[in-house]
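# Coordinate inspection notes
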Amino acid sequence: MLKQLKREKSDIITQDNDVRINPDAMIECDNLVKIYKTKDIEVLALQGLDLTVERGELMAIIGNSGSGKSTFLNMIGGLDRPSAGKLYVDGKNLFRLTEDELVEYKKNTVGFVWQNNARNLLPYLTAIENIMTPMLFTKEANKKERAVELLEMVGLSHRKNSRLSQLSGGEQQRVAIAIALANKPKLLLADEPTGSVDRNTSDYILDMFRNLNEQLGITIVIVTHDKGLARKVNRVVSIRDGKTSSERIMKEDYVEKLKDMSFNWNNADETQEEYAVLDRSGRLQIPSELLSGLGIDGNRVKLELKDGKIIIEKP
């Protein structure tokens, strides 16, 4: 059964409209709502999402198609505006940013890696030229030297003069990561970064994210369907129906093994402990498979406190 997790807040350094800002948080959202409207219909993509991501954290977000995870990524990336709730990234209130401030935010605070490399790379440019392109909008003095440094960081300095058609899918994705780091962002967002590569390449890319996280101290959020990738990070947040439903935290036995590149994660036992997450009002989502196991098909359950445990039963 899922354990209960209620995240504690650290010291508060500022206050804005009665919203407390956690100084250790890179991302903090409270009761976040996103509604998409068309002429004939409204779609509620996020339904009160609560989530905190600490500075320097490497974590994954998982969920079925339509769960709201990509919507959330687009909002913290500054690509979409929230409808209601609270959303802070690096201390910035994303509800209050002007259009000019939003441009600066996307240029200086956040880097994006897409699953579709057509969104990451310009096919008529070489790898090094692709990496230098976002630097055209900055005051970076030594653009070429910085691009070479980033290529070395992702293990592709020998392919700096190769164009898109000359690179494998995994190499293209590694160039895309270098591009996302070109402007020295504080937050790196990756949307299904291993969705179009094989298992070995997927493992290599995750090891690269871990190295970048350790070397640069950059906060990395990965949205993925890849459960193999998700089980190798310290924290995994599950989003279901537009809300945080559960978290998986790496067991202590496996935390040290994250540093061992030769460890075979595919043969490992369950690496994480799963917890149900309480929202601000004390509500939680119970996975459908647990409810089905109890034979519950309606919206009523019986609750009982017994021997320090909350018992859920079919009425």
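Structure's up top.
Model, not experiment: these values are computed from the prediction. (Residues numbered from 1 in each chain as written. Predicted model: local features only at pLDDT ≥ 70, side-chain atom pairs only at ≥ 80, totals over all residues. Heavy atoms only, no water.)

### Details of helix α4 (residues 143-153)
Note the following rule: Note on exposure labels: buried denotes an accessible area under 20% of the residue type's maximum, exposed denotes more than 50%, and partly exposed covers the range between, all computed with a 1.4 Å probe on protein chains only. Under the DSSP-based scheme used, a helix requires at least four consecutive residues in state H or I and a strand at least two consecutive residues in state E, with every element numbered from the N terminus. It is the directions from the helix axis to the C-beta atoms that the arc portrays. Here, two residues are considered to be in contact whenever any of their heavy atoms come within 4.5 Å of each other.
Among all positions of α4, only R146, A147, L150 and L151 are buried. Looking straight down α4, one finds that the buried residues subtend no more than 140 degrees of arc, so they occupy a single side. Those residues of α4 that are exposed and aimed more than 90 degrees away from the buried face are K144, E145 and E152. Looking at the buried positions of α4, the neighbouring elements they touch are α3 (127-132) and α5 (169-180).

### Details of the sheet that holds strand β8 (residues 92-93)
Applicable threshold: At least two bridges found by DSSP between two strands is the condition for calling them paired. In this description, a line fitted to the C-alpha atoms serves as the axis of each element, helices being fitted only across the stretch in contact, and the angle between N-to-C directions of two axes falls anywhere from 0 to 180 degrees.
With respect to topology, 4 strands assemble into an open sheet ordered β5-β4-β7-β8, the strand pairing being antiparallel. Edge positions in the sheet fall to β5 (42-54) and β8, since each of these pairs with one other strand and no more. Alignment of strand β4 (residues 25-37) against β5, held across 10 bridges, turns out to be antiparallel. Residue pairing across strands places A25 opposite E54, the latter belonging to β5. Packing against the sheet, helix α1 (residues 69-76) makes contact with β4, β5 and β7 (84-89), and its axis sits at approximately 115 degrees to β4.

### Section: the pairing of strand β6 (residues 58-62)
Along β6, 5 of the 5 residues are buried, which leaves the element largely enclosed by surrounding structure. Taking every second residue as pointing to the same face, both faces of β6 are buried, with L58, A60 and I62 on one and M59 and I61 on the other. In the sheet, β6 pairs with strand β11 (residues 219-223) via 4 bridges, with the strands oriented parallel. Looking at β11, one finds that A60 is bridged to I222. Relative to strand β12 (residues 235-240), β6 is paired through 4 bridges, and the arrangement is parallel.

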